[in-house]
Amino acid sequence: VTVTALPAGKVYGAADPVLTAIVTGMVNSESSNLIHYSVGREAGEAVGVYKVLPTGDLLQGNYTVTYVKADFTITRAEGLTLKADDYEGTYDGKLHGKAATASVTDGTTIEYKVGAYGTWSSTVPQIKEVGSATVTARARNSNYKDPADVTYTLKVNPAPVTVTALPAGKVYGAADPV
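Residues numbered from 1 in each chain as written. Predicted model: local features only at pLDDT ≥ 70, side-chain atom pairs only at ≥ 80, totals over all residues. Heavy atoms only, no water.

S.K.: When you look at the overall build of the protein chain in this model, what are you seeing that I'm missing?
M.R.: Along its length, the protein chain carries zero helices and 17 strands. Taking 178 residues into account, the globule formula puts the C-alpha radius of gyration at 16 Å, and the protein chain, at 34 Å, lies well above it. Based on the C-alpha atoms only, the size of the protein chain along its principal axes is roughly 130 × 25 × 20 Å. Out of the 178 residues belonging to the protein chain, those deemed buried represent 28%. (Helix = DSSP H or I, 4+ residues; strand = E, 2+ residues; numbered from the N terminus. Rg over C-alpha atoms; globule rule 2.2 N^0.38 Å. Buried < 20%, exposed > 50% of the residue type's maximum accessible area, 1.4 Å probe, protein only.)

S.K.: Whenever I open this one, the sheet that holds strand β11 (residues 87-90) confuses me. Can you help?
M.R.: The pairing of strands in a sheet happens through backbone hydrogen bonds and is either parallel or antiparallel. Taking strand neighbours across the sheet as the criterion, the four strands line up as β11-β17-β16-β14 in an open arrangement whose pairing is mixed. Pairing within the sheet leaves two strands with one partner each, and these edge strands are β11 and β14 (108-114). Going from strand to strand, the sheet's axes swing by 20° on average, the running direction of each strand aside. Pairing analysis gives nine bridges linking strand β16 (residues 131-141) to strand β17 (residues 148-157), with the strands arranged antiparallel. The partner of Thr134 across the bridge, within β17, is Thr153. (Pairing = 2+ DSSP bridges. Axes fitted to C-alpha atoms, helices over the stretch in contact; angles between N-to-C directions.)

S.K.: So what exactly am I meant to see when it comes to the pairing of strand β3 (residues 21-24) here?
M.R.: Put simply, side chains in a regular strand alternate between the two faces of the sheet. Along β3, the buried face is formed by Ala21 and Val23; none of Ile22 and Thr24, which line the opposite face, is buried. Relative to β3, strand β1 (residues 2-5) is paired through four bridges, and the arrangement is antiparallel. In the strand pairing of β3, Thr4 is matched with Ile22.

S.K.: Would you mind showing me how to read the side chain of Asn143 here?
M.R.: Among the structural elements, Asn143 can be located in the loop between β16 and β17. Within polar-contact distance, the side chain of Asn143 engages the backbone nitrogen of Val47 at 2.7 Å. Among residues more than four places away in sequence, those in contact with Asn143 are Tyr12, Ala46, Val47, Arg76 and Ala77. (Polar contact = N/O pair within 3.5 Å; in protein donor to acceptor, adjacent residues only side chain to side chain. Contact = heavy atoms within 4.5 Å.)

S.K.: Quick question: what am I supposed to make of the nonpolar core here?
M.R.: Soluble globular proteins tend to bury their nonpolar side chains together. Core analysis: the largest hydrophobic core is formed by 27 residues, its most contacted members being Leu82, Ala137 and Tyr152. Elements with a minimum of two residues in this core: β5 (48-55), β9 (70-75), β16 and β17. The dominant element in this core, judged by the number of residues it contributes, is β17, at five residues. The residues contacting Leu82, other than those within four sequence positions of it, are Ala100, Thr101, Ala102, Ile110, Ala137, Arg138, Ala139, Ala148, Asp149 and Val150. (Core = buried A, V, L, I, M, F, W, Y, C linked by side-chain atoms within 4.5 Å.)

S.K.: Is there a simple way to think about unusual backbone geometry in this case?
M.R.: Outside of glycine, negative phi angles account for most residues, and trans bonds account for most peptide bonds. With a phi angle near 50°, Asn28 is a residue other than glycine that sits in the positive phi range. Its location among the elements puts Asn28 in the loop between β3 and β4 (38-41). The backbone phi angle of Ser29 is positive, close to 60°, even though this residue is not glycine. Looking at Ser29, the relative accessible area reads 75%, which means it is exposed.

Written as structure tokens, this is what we have:
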């Protein structure tokens, strides 16, 4: 008889379905329940193709059993998201930046670009001087169909400065003090 695994699959991140197989080649309409086997699959959770593996004894009663593998396909998921918060502060002479956060961290890379014509880099952008910068972040993960992106702003406002005149004086006719 032959125990043939049935093809199966899932979307990345989902639970495995119940894996099954069919038994063919029984004599005289004997029940396939006479053949005992289990069905599992190759280990792995990344997007790709794995094997569904029926296993059991090669000799069972009056039968020699052959086991046939099938494919188990994990397809890319939807729903990778990216979040980032704006930064706004007063000039203090220090660098300030905000990293974006992906909804899935395992296998995800995040890149940043400052302005419309900047180049992509894995370094989180920072701002120190008064002004603002528009940052675009994108996340990629080979287990997801589409990259995720988000745009946010880093802004440094001028620090307040007070200029206070000091009291001064002079004797009539003398030069003004410095």
